[in-house]
Amino acid sequence: MTDSTLLKPESLHQWLISDRPSSRRQAALGRAYGGCRTFARNRLAMVGLFIVLALIGVAIFADLLAPYSAYIGDLRTTRLLPPSWAHWMGTDDQGRDIVSRLIHGSRITLFVVVLVAVLAAPIGLLVGTVAGYAGGLVDATLMRITDIFLAFPRLILALAFVAALGPGIENAVIAIAITSWPPYARMARAETLTIRQTDYIAAVQLLGASPWRIVLRHIMPLCVSSVIVRVTLDMAGIILTAAGLGFLGLGAQPPMPEWGAMIANGRLYVLDQWWVAAAPGAAIFVVSLAFNLLGDGLRDALDPKAAK
């Protein structure tokens with residue numbers, strides 16, 4: 001098919017959905033195109049994607065979008081004001097605008113989510129694929145270590161690590177990452193046990209590829225899609241764990257506008273000045289729901305068994 005033919009939308013569509021691709025590039029683009037179409041048909045997933053993209057945009061342009069300072073308030077005139085046109089979600093006990101603090105707090109939320117995903121997912125993927133391919137003593141040792149981490153509730157284990165490392169947002173990220181990788185390892189191992197029995201892996205072994213090359217170049221890429229879906233679905237849990245640490249005073253420290261710490265600050269006024277705790281609670285709920293919807297859509301799009 002010539003480039004001029006590909007410029008036509010109808011021809012490009014037929015080229016992408018062809019069940020007999022003529023090249024690896026066409027096959028890869030066809031799979032991506034099919035996944036995008038499946039994802040786009042899921043309206044709830046599109047809603048989740050829109051909210052997540054909005055969160056990213058708000059975090060990037062927080063300095064421009066925030067109407068007031070997130071750290072400075074006026075105790076004489078703006079303390080604990082109810083929602084109004086001047087302060088859409090009211091003010092807190094320090095006279096700070098809650099909307100501005102929520103906007104700046106989105107940066108902390110994204111910082112935690114991204115760093116935990118970058119740290120935990122590769123560790124779990126590597127441990128799971130190595131254990132599944134090596135088998136024997138290596139598999140037993142790595143999986144028993146994984147079982148030890150899975151035996152404790154994530155928040156309790158994160159509390160233990162933060163208590164040892166000290167309070168702070170960086171230590172909270174490390175603690176959450178340490179407690180988040182075991183499910184990814186379990187998933188990667190399960191898929192590796194199936195993949196290593198395929199003719200594809202047997203052919204690579206006959207060509208003389210080393211075990212590390214087989215794991216890194218031929219097994220791990222096949223497990224990435226499932227791990228991405230699991231990471232997206234776990235984003236809500238990561239946000240809640242970070243908020244829980246912040247609520248207990250072990251995460252982001254004052255005066256940082258972290259959503260969990262904002263709820264903790266507002267619990268003293270929850271009966272009379274309900275908006276102080278309700279606003280960050282609603283933000284956590286909406287963002288967590290968005291990541292769950294996004295994860296459901298990605299699972300349908302990236303799962304080949306779900307293809308019609």
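Criteria and thresholds
Residues numbered from 1 in each chain as written. Predicted model: local features only at pLDDT ≥ 70, side-chain atom pairs only at ≥ 80, totals over all residues. Heavy atoms only, no water. Helix = DSSP H or I, 4+ residues; strand = E, 2+ residues; numbered from the N terminus. Buried < 20%, exposed > 50% of the residue type's maximum accessible area, 1.4 Å probe, protein only. Contact = heavy atoms within 4.5 Å. Areas by Shrake-Rupley, 256 points an atom, 1.4 Å probe, with all protein chains shown as cover. Lys, Arg positive; Asp, Glu negative; His and termini not counted. Charge placed at Lys NZ, Arg CZ, Asp CG, Glu CD. Phe/Tyr/Trp six-rings, centres within 6.5 Å; stacked < 30°, edge-to-face > 60°. Lys NZ or Arg CZ within 6 Å of the ring centre and 35° of its normal. Core = buried A, V, L, I, M, F, W, Y, C linked by side-chain atoms within 4.5 Å.

Engineer: Help me understand the overall build of the chain, please; the structure alone is not making it clear to me.
Structural biologist: Looking only at helices and strands, the chain has 13 helices and zero strands in total. Secondary structure elements of the chain occur, N-terminal to C-terminal, as α-α-α-α-α-α-α-α-α-α-α-α-α. With the principal axes as the frame, the chain shows a C-alpha extent of 75 × 55 × 25 Å. By the burial criterion, 42% of the 308 residues in the chain qualify as buried. In the chain, the share of contacts with a sequence separation of at least 24, taken over all contacts with a separation of at least 6, comes to 70%. Accessible surface computed for the chain: about 16,800 Å², of which carbon and sulfur atoms make up 67%. Taking the average location of the 25 positive side-chain charges in the chain and that of its 19 negative ones, the two points are 7 Å from each other.

Engineer: Help me out: how do you make sense of the packing of aromatic side chains in this one?
Structural biologist: Geometrically, a pair of aromatic rings is defined through the distance of the ring centres and the angle of the planes. Evaluation of the coordinates by the stated rule reveals two aromatic pairs. A centroid spacing of 5.8 Å and a plane angle of 80° characterise the contact between Trp274 and Trp275, whose relative ring orientation is edge-to-face. Here Arg267 stacks its cationic end above the ring of Phe247, 5.5 Å away from the centre of that ring.

Engineer: How should I be thinking about the nonpolar core in this particular structure?
Structural biologist: One finds Val112 and Trp259 to be the most contacted residues of the largest nonpolar core, which totals 64 residues. Residue assignment for this core shows that the elements contributing at least two residues are helix H4 (43-60), helix H6 (98-134), helix H8 (154-165), helix H9 (169-195), helix H10 (199-206), helix H11 (211-247), helix H12 (259-266) and helix H13 (275-302). Broken down by element, this core gets its largest block of residues, 15 residues, from H6. Each residue touching Val112, except ones within four places of it in the same chain, is listed here: Ile169, Val173, Ile176, Ile238 and Ala242.

Engineer: Please clarify how unusual backbone geometry should be interpreted in this entry.
Structural biologist: Most peptide bonds take the trans configuration, and most residues that are not glycine carry a negative phi. Of note, the bond from Pro254 into Pro255 is cis; its omega dihedral lies within 30 degrees of zero at 5°. For Leu80, which is not glycine, the phi torsion reads 55° and is therefore positive. Relative to the helices and strands, Leu80 is located in the loop between helix H5 (62-65) and H6. Looking at Leu80, the relative accessible area reads 13%, which means it is buried.

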